[in-house]
Amino acid sequence: MERRTFLTGSMSATGAAALAGAPSTAHASADTSAHASAPPSPAGPTAAARPHYTANRAPLRPEPFLRLPPGSITPKGWLRAQLDLQLDGLNGRMPEVSDYLDERTSGWSVADRDGWEELPYWLRGFGDLGYVTQDSRVLETTRAWIDRILATRQPDGFFGPARLRTALGGGPDFWPYMPVLDALRTWHEYSGDDRVVPALTGWLKYLHTQPGTLFGQGWGAARVGDTIDTAYWLYNRTGDDWLLDLVRTMHTHSADYTHTIPTWHNVNLAQGFREPAQYGVLAGDDSFLGATHRVYDTVMARYGQFPGGGFAADENARPGYHDPRQGFETCGIVEFMHSHQLLARITGDTVWADRCEDLALNMLPAAFDPRQKGTHYVTAANSVQLDNVAKSHGQFDNDFAMQAYRPGVHDYRCCPHNYGMGWPYYAEEMWLASLDGGLCASLYGESTVRAKVGDGTTVTVTEQTGYPFDDTVTLTVSAPHAVTFPLHLRVPGWCREPSVRLAGRPVPVRRSGGHLVVDRRWRDGDRLVLRLPMRTRVRTWHGSAGAVSVHHGPLTYSLRIEEEWRRTGGSDAWPEYEVRPRSPWNYALELDARDPARSFAVERTRARAANPFTHSGTPVLLRAKGRRLDGWTRDDQDVVAPLQQSPARTTRPVEHLTLVPAAAARLRVTAFPTAAARGRAKEWAAVTASFSGVDSPQALLMNADVEPSGSYDQSVPRFTWWDRTGTEEWIRYDYAEPVRVGAVAVYWYDDTGHGACRVPESWRLEHRGTDGVWRPLGESAAHGTATDRFNRLSFPAVTTTALRITAHLKTGFSGGLLAWRTES
């Protein structure tokens, strides 16, 4: 057996169901939209039909769905508007902004110059932008760069910047070639350029001569699925068996997603988690797809506990940092979408298209400003100020400013160059060819598709819809003569009762996993109406302290926070913006206890703006009710505090709230606390300290339920007064509502042997009385300073609105806490 082949029975989903992508129990519980679906089965009139587009050769397993050639799909409506913004925005005009794209100095055109991932990232999305919009400027620029890149080819198959030949431990850095290979492939599919297949053959032959250990090095080790995809693409066109040997080598030596999670870097995960499923296409072993499900489920269960389809990794996912305020990198958004698209084709499982749609419709538009002149590094489910200020308390994994909208070419250079593939790839995956000679409507949106079906007849299907803001999709077939083929219609996981009518009458359909299949003889002018009735849903996120999110159809909704856009720099052509709140944001939702969905009313607006992903342009709103939650605050660097347990106690009056689609909200609260005035409601505390240098007081909220493994536990957030030493310092809890407290438990941070933090010399506890005066608590009891355990201090219960711990730090040392709990 190969290193990564699972033992028989090691996965809960096996056999044909596992190959089809049927989720395990854990998979289904981790995503409410997940539903088991099998690949489309060739039943009915077209059972003997064959695909009209390049499909997998044996021994590769057949894929239920196939990409159509670029240019087959013409997006319209709101998606075309987004693409037009991109044409005139950062991606479409990146050569005006980025010096990495200068043909005179880039190693991708002048081999002895420098070059890495920036141009490949950009060209991959830019070329496909041209194919879906047919913009002549973009197409010509794409052709020019393809010419330059191919002109750098060497006799041994190497091409591009010469320094990359030895950049990775003396061998080639194969990572930046992955997006270049994608760009070359789609260019060939669009143009038929006969130089591409020899160029890809040469490069992969060059890789095949390298020692297998190469594939365990650098960024490429975690992202090798991209090169596997190119190897399959080339094999399906040439039949060269050595390509499959190369795939086996890459899989054996690269990052092992089959048994482990080898990386917690967000982009690595977003690209790499699919590698086992990709390898399973060759290996013929169902457990590999199960491994991809396992990695996805594990990551999302730990770090994806909020709406929008992403996970908390504002560079790397970190233990303890899973709150909805943690960001998801823009590169991660588009790479995750791409992975879901690929898996939807490999498996035929509609859950992957659901997940792609979730990211595209609820997160991607918020990653850049409404004109797409700038992007930011991270987008969070909860984020109430987007400023150009570095956060130094460890709130995010990077300490540089990364929230404001900027071109950011030299600040976070990957995302501005890479984001451009998001919408073009989405447009190209709206329609797929099916293995049984038909078509699949996979991602809904106004469009037309032109493709070969059935007996090879070319038909055009026009899609008219207001989706995702409306539930009706109308498909009109144009054909030169009657032709029989199956039409696969994805049923989103949230839709309970889809319906299909032809010429106003119900039409026979068959179920194929998550698709409805209309298999018939189609005639010119046939008009099919698919209805996907949308309902309001409230989802509880138990991994985020019982917070809830609100959904209607495919859209997630966010509180409408009035946004103040401040120009902070840049030029008139490429401005830079901060976004600050001009209205309250700290609300807890008031929900109907019996039926939470009844708490919301859908309201249609008269907006006809081209961009629905803005406050003024959205065609649909939700009306809601909520109460201000004064204990929910921003920290001293204007980062929203982590969520505490819901329901939250608040006696503030009920207010009427407006929710907008989350993608229309740049300032966003999408994971809401719930409100209660009594009963099991929890008091929320605001935390402040006398000094916080590098470690945030908010850590004490994040660790409310944590049991540290010891005083030097590095797996949980911490608070310290570093770099104050030998001083008297304090930290305090403030409550909006009076609380009754009879004991506290303190877990001190101590890094003896590693740093200069120690338990304090001594400490005291005080509470604030109704007169505002601080008074001691538990004076006669022992104030413990033991390491590796909670130190509990009890006292006669008091009712108060604030508690304060004052610590006297040891001479020459600082100190801090891992947790501070209160008991009634």
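Whatever comes next refers back to the structure up there.
How each quantity is defined
- Residues numbered from 1 in each chain as written.
- Predicted model: local features only at pLDDT ≥ 70, side-chain atom pairs only at ≥ 80, totals over all residues.
- Heavy atoms only, no water.
- Core = buried A, V, L, I, M, F, W, Y, C linked by side-chain atoms within 4.5 Å.
- Buried < 20%, exposed > 50% of the residue type's maximum accessible area, 1.4 Å probe, protein only.
- Helix = DSSP H or I, 4+ residues; strand = E, 2+ residues; numbered from the N terminus.
- Expected span 1.5 Å × (residues − 1).
- Salt bridge = Lys/Arg side-chain N within 4 Å of Asp/Glu carboxyl O.
- Contact = heavy atoms within 4.5 Å.
- Polar contact = N/O pair within 3.5 Å; in protein donor to acceptor, adjacent residues only side chain to side chain.
- Pairing = 2+ DSSP bridges.
- Axes fitted to C-alpha atoms, helices over the stretch in contact; angles between N-to-C directions.
- Parallel < 35°, antiparallel > 145°, perpendicular 65-115°, else oblique.
- Left-handed = near helix turned anticlockwise from the far one by under 90°.
- Nonpolar A, V, L, I, M, F, W, Y, C, P; charged D, E, K, R; others polar.

Draft legend 1. Main features of the nonpolar core. Counting residues in hydrophobic clusters, the biggest one holds 222 residues, and the most contacted among them are Trp431, Leu489 and Trp820. Broken down by element, this core gets its largest block of residues, 9 residues, from helix H13 (residues 330-347). Among the nonpolar cores identified, the runner-up in size contains 8 residues, and Tyr749, Phe790, Leu818 and Ala819 belong to it.

Draft legend 2. Spatial organisation of helix H4 (residues 118-133). Between its first and last C-alpha atoms H4 spans 23 Å; for 16 residues at 1.5 Å apiece the expected length is 22 Å, and the two agree. The buried count for H4 comes to 16 of 16 residues, which makes it a mostly enclosed element. Just downstream of H4 lies Gln134, where phi reads positive at about 60°.

Draft legend 3. Highlighting the pattern of salt bridges. Going through the model one piece at a time under the given rule, you end up with 52 salt bridges. Put simply, Glu189 and Arg237 hold a salt bridge, and the shortest N to O gap is 3.8 Å. One end of the pair, Glu189, is in helix H6 (residues 177-191); the other, Arg237, is in helix H8 (residues 225-238), with 48 residues separating them in the sequence. Given the relative accessible area of 29%, Arg237 is considered partly exposed. The network of salt bridges with common partners includes Arg67, Glu189, Arg237, Arg345, Glu428 and Glu429.

Draft legend 4. Representation of the environment of Asn362 in the model. Residue position: Asn362 is located in helix H14 (residues 350-362). On the basis of relative accessible area, Asn362 is assigned to the buried category, the value being 1%. Sequence spacing of Asn362 and Val746 is 384 residues, and the spatial spacing of their C-alpha atoms is 40 Å. Beyond its immediate chain neighbours, meaning those up to four positions away, Asn362 contacts Gly308, Glu357, Pro554, Leu555, Thr556, Ala662, Ala663 and Arg668. Within the structure, Asn362 has its side chain in polar contact with the side chain of Asp358 (distance 2.8 Å).

Draft legend 5. The arrangement of the sheet that holds strand E12 (residues 499-502) in detail. Within the open sheet, the 7 strands sit side by side as E2-E8-E9-E10-E16-E12-E13. Their pairing is antiparallel. Single-partner strands in this sheet number two, and they are strand E2 (73-75) and strand E13 (505-506). In this sheet, strand E8 (residues 447-453) lies alongside E2 in antiparallel orientation, the contact comprising 3 bridges. Its bridge partner lying in E8, Pro75 is registered against Ser447.

Draft legend 6. Representation of unusual backbone geometry within the structure. Looking along the chain, the bond that leaves Ala58 and enters Pro59 is cis, with omega of 5°. Of note, the amide linkage connecting Ser646 to Pro647 takes the cis form, showing an omega dihedral of 0°. Among the secondary structure elements, Pro647 is positioned in the loop between strand E24 (620-628) and strand E25 (648-649). Positioned with a positive phi, Ala503 is a non-glycine residue whose angle comes to about 55°.

Draft legend 7. Representation of the environment of Asp297 in the model. Turning to its location among the elements, Asp297 is positioned in helix H12 (residues 287-303). With 350 residues separating them along the chain, Asp297 and Pro647 place their C-alpha atoms 27 Å apart.

Draft legend 8. Quick peek at the packing of H6 against H8. Interhelical geometry of H6 versus H8 gives an angle of 30° and a closest axis separation of 9 Å. Taken together, H6 and H8 sit at an angle that is classed as roughly parallel. The two elements H6 and H8 meet at a crossing, and its hand is left-handed. On the side of H6, the interface is formed by Met178, Leu181, Asp182, Arg185, His188 and Glu189, while H8 contributes Asp226, Thr227, Asp229, Thr230, Trp233 and Arg237. Tallied by class, the residues present in the contact of H6 with H8 amount to 3 nonpolar, 3 polar and 6 charged.

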